[in-house]
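Listed below, chain by chain, are the residues.
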Amino acid sequence: MADLTTAWKALEAAAAGARCRRIVDLFAAEPERLARLTLSAAGLDLDLSKQPWSLADLHASLDLAAACGVEVARARLFAGETMNASEGRAALHMALRAPKGSDFRAQGEPVSAEVDATRVRMAAFAEAVRSGGLTGATGKPFRHVVHIGIGGSDFGPRLVWEALRPVSPQIDLRFIANVDPAEAVFALQDLDPAQTLVVVVSKTFTTQETMTNAQTAKAWLRAALGPQGDAHLVAVSTALDLVTAFGVRADQVFGFRDWVGGRYSVWSAVGLSCVIGLGAEAFEGLLAGAAAMDAHFQAAPLASNAPVLLALAHIFNRNGLGRPVRAVVPYAQRLRLLPNFLQQLEMESNGKRVTADGRPVAHATAAAVFGDAGTNVQHAFFQLMHQGTDAIPLDIIAVREASEGDPAAQTILLANAVAQAEALMVGRTEADVRTELTAKGVPAAEIETLAPQRTFPGDRPSAFILLDRLDPMRLGALLALYEHKTFVEGVLWGINSFDQWGVELGKSLASRVLGELQGGPAAAHDPSTAALIGKLRG
Ligand code: F6P
């Protein structure tokens, strides 16, 4: 096996070669390309053949993965070793979705029995709410659930709900994340407190935004129902003492452990609102799909391992070709929130500039991720994707069968997904454009200025992920695919993907500024910050 430096050099040399050729030409040069670069895993079809790597470059990438110890790291992850060294924790979200009766251990401590018990409690509680067995303070059944949380305590549940929710749900599930009071006002404004359950989700139960919104919701319940309103509070947290102090009764508290990172937590009790909204069976399907991807990630050789190959394709673009930005476009309105979810997953996990042992990283780390639903984005940023000065790699996620609606519209949606990937890779030559304009009788002088503007450089890479249906299992597999892809990248970059020290400074400065905005003494600031505080203090 190559040593690390040699393996990185080989990847960079491979990428230098990629700059001198076009992706589309590789199909003729490599007859087995399509077969080698497409694979199925846990119900997902992945096509990486429109990536800039040749098959030889793929080998260089796989050598790099081997040299970086991906297999050893993967084994340590699943064994519950201390992967998050700066916080002294395991990162064992796979335990949350493992088949019942598994035997996962976090830093040696058996955890699966507790996980199974929590799953049973969540299902029973959700069923009690859904069936009307559990009623509110006035005896009415619950019709609305308000989920309050932010970051990892919001993105996953919000995405899962939007992806899987019935068109006319029995339970009206709403979310409040932002401390902007507008979000709480809009979420609560037409709800009947007597029929509303408020689920407060916070790993730490100290997050400023969540605690502010939780107090707002508690006051809203109490204003209508008196102190009895507290019976409508449910809490999900690792900080059980703080939850009790907030006034949530013990049988409505759901715990999870510190080895569940916030952005990996949708599989835990953090997903309780989704269990209530979708039913336990759907949530179990989500877990089973993720578990299927876990099994694939654990067992498949690196060369046919979906999370590993997706990570390597992204690394080839990021490190080999120096591309600092990546787009994600789900051609599925129900997956509209996937880019937001991935922003936290990838950028909070891998947006790091030092290694797990505190040294500067040797290679650029996480790309910035942006995106939204296709086809809408075709009328927004796709101009830049096709003709801008930078090539921005794109992940396209498409779903064969619509969950609802007009099948003809779904076919149009799919045609767009496929065509955009083709257009980005193949482009359109200036010669073609000139021929077409000449045939249309456009004057030669006009062709001179028009042709370059109507030319598409092409050679812009995409990864295509196809799901037959957007069902709980496939959604679970998709999210787990990206989780493990993010982990593999972190291993290659030598960073701890499971901490997030970078969010702390802003939080503590916000507390200081808040004191000043509330009339406290002025603190020392740079002139710009001091001026803004001065304006806001009035
Ligand atoms: O954004 C920082 C962060 O700590 C995330 O990692 C986390 O998902 C989010 O805040 C919410 O934290 P909590 O669940 O503790 O409220």
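Residues numbered from 1 in each chain as written. Predicted model: local features only at pLDDT ≥ 70, side-chain atom pairs only at ≥ 80, totals over all residues. Heavy atoms only, no water.

> Explain the overall build of the protein chain residue by residue, including any values.
Broken down by element type, the protein chain carries 22 helices and 13 strands. Compactness check: the protein chain gives a C-alpha radius of gyration of 25 Å against a globular reference of 24 Å for 538 residues, within 12% of the reference. If you line up the protein chain on its principal axes, its C-alpha atoms span 80 × 60 × 55 Å. Counting across all 538 residues of the protein chain, residues that qualify as buried make up 52%. Contacts spanning at least 24 positions in sequence make up 73% of the contacts within the protein chain whose residues lie at least 6 apart. Within the structure as shown, the protein chain displays about 22,300 Å² of accessible surface, and the carbon and sulfur contribution to it stands at 58%. (Helix = DSSP H or I, 4+ residues; strand = E, 2+ residues; numbered from the N terminus. Rg over C-alpha atoms; globule rule 2.2 N^0.38 Å. Buried < 20%, exposed > 50% of the residue type's maximum accessible area, 1.4 Å probe, protein only. Contact = heavy atoms within 4.5 Å. Areas by Shrake-Rupley, 256 points an atom, 1.4 Å probe, with all protein chains shown as cover.)

> Could you give me a rundown of the side chain of Arg263, with the residues and numbers involved?
Locating Arg263 in the fold gives a position in the loop between strand S9 (253–255) and helix H12 (272–278). The class of Arg263 is buried, set by a relative accessible area of 4%. Side-chain polar atoms of Arg263 contact the side chain of Glu348, separated by 2.9 Å. Setting aside chain neighbours within four positions, we find Arg263 in contact with Gly152, Phe341, Gln344, Leu345, Glu348, Ser349, Lys352, Glu483, Ser497, Phe498, Asp499 and Gln500. (Polar contact = N/O pair within 3.5 Å; in protein donor to acceptor, adjacent residues only side chain to side chain.)

> Explain the sheet that holds strand S7 (residues 196–201) to me, using residue names and the numbers behind them.
Reading across from one edge, S6-S5-S7-S8-S9 is the order of the five strands in this open sheet, with parallel pairing throughout. The two strands at the open ends of the sheet, each matched to only one other strand, are strand S6 (172–176) and S9. Looking at each pair of strands side by side, their axes are set apart by 20° on average, direction ignored. Across five bridges, the pairing between strand S5 (residues 144–148) and S6 is parallel. Residue pairing for S6: Ile148 is matched across the bridge by Ile176. Packing against the sheet, helix H7 (residues 112–131) makes contact with S7, strand S8 (233–237) and S9, and its axis sits at approximately 150° to S9. (Pairing = 2+ DSSP bridges. Axes fitted to C-alpha atoms, helices over the stretch in contact; angles between N-to-C directions.)

> Could you give an account of the pairing of S5, naming the residues involved and the relevant values?
Where a strand is regular, its side chains alternate between the two sheet faces. The buried fraction of S5 amounts to five of the five residues, a majority that puts the element mostly inside the structure. Neither face of S5 is exposed, since His144, Val146 and Ile148 on one face and Val145 and His147 on the opposite face are all buried. Traced from S5 through helix H8 (residues 155–164) to S6, the parallel crossover comes out right-handed. Here S5 pairs with S7 via five bridges, running parallel. Across the sheet, residue Ile148 finds its bridge partner in S7, namely Val200. (Right-handed = clockwise from strand over helix to strand, strands pointing away.)

> Outline the site of the ligand, listing residues and values.
Around the ligand, a shell composed of 14 residues is seen, among which Gly152, Ser153, Ser202, Thr204 and Thr207 lie nearest. One of the side-chain N or O atoms of Ser202 is found 2.6 Å from an oxygen atom in the ligand. In this structure, Thr204 approaches the ligand through a side-chain N or O atom, which is 2.6 Å from an oxygen atom. Classifying every residue of the shell around the ligand gives two nonpolar, nine polar and three charged. (Near = heavy atom within 4 Å. Nonpolar A, V, L, I, M, F, W, Y, C, P; charged D, E, K, R; others polar.)

> Describe the environment of Leu424, naming the residues involved and giving the relevant values.
For Leu424, the position within the fold is in helix H17 (residues 407–426). For the pair Leu424 and Gln387, spaced 37 residues apart in the sequence, the C-alpha separation amounts to 9.2 Å. Excluding residues within four positions of it along the chain, Leu424 makes contact with Met385, His386, Leu394, Gly458, Asp459 and Arg460.

> Account for the pairing of strand S2 (residues 44–47), with residues named and values stated.
Where strand S1 (residues 38–41) lies against S2, four bridges are found, and the strand directions are antiparallel. Bridging across to S2, Leu39 finds its partner in Leu46. Taking the residues that link successive antiparallel strands as the turn, the S1-S2 hairpin has two residues, and the phi of Ala42 there is positive, at about 50°. Note that S2 and strand S13 (residues 462–467) share four bridges and pair antiparallel. Each bridged residue has a counterpart across the sheet, and for Asp45 the counterpart in S13 is Leu466.

> Would you mind going over helix H21 (residues 504–517) in detail, with residue names and values included?
With 14 residues, H21 should cover 20 Å at 1.5 Å per step; its first-to-last C-alpha distance of 20 Å lies within 8% of that length. Following H21 by one or two positions, Gly519 adopts a phi angle in the positive range, close to 100°. (Expected span 1.5 Å × (residues − 1).)

> Please provide a residue-by-residue account of the sheet that holds strand S10 (residues 325–331), values included.
Spatially, the six strands line up as an open sheet ordered S1-S2-S13-S12-S10-S11, and their pairing is mixed. Taken across any chain shown, the strands that pair with only one partner, and hence form the sheet edges, are S1 and strand S11 (368–370). Averaged over neighbouring strand pairs, the angle between their axes works out to 20° when direction is ignored. Examined bridge by bridge, strand S12 (residues 394–399) and S13 share six bridges and lie parallel to one another. Across the sheet, the residue bridging to Leu394 is Ser462, located in S13.

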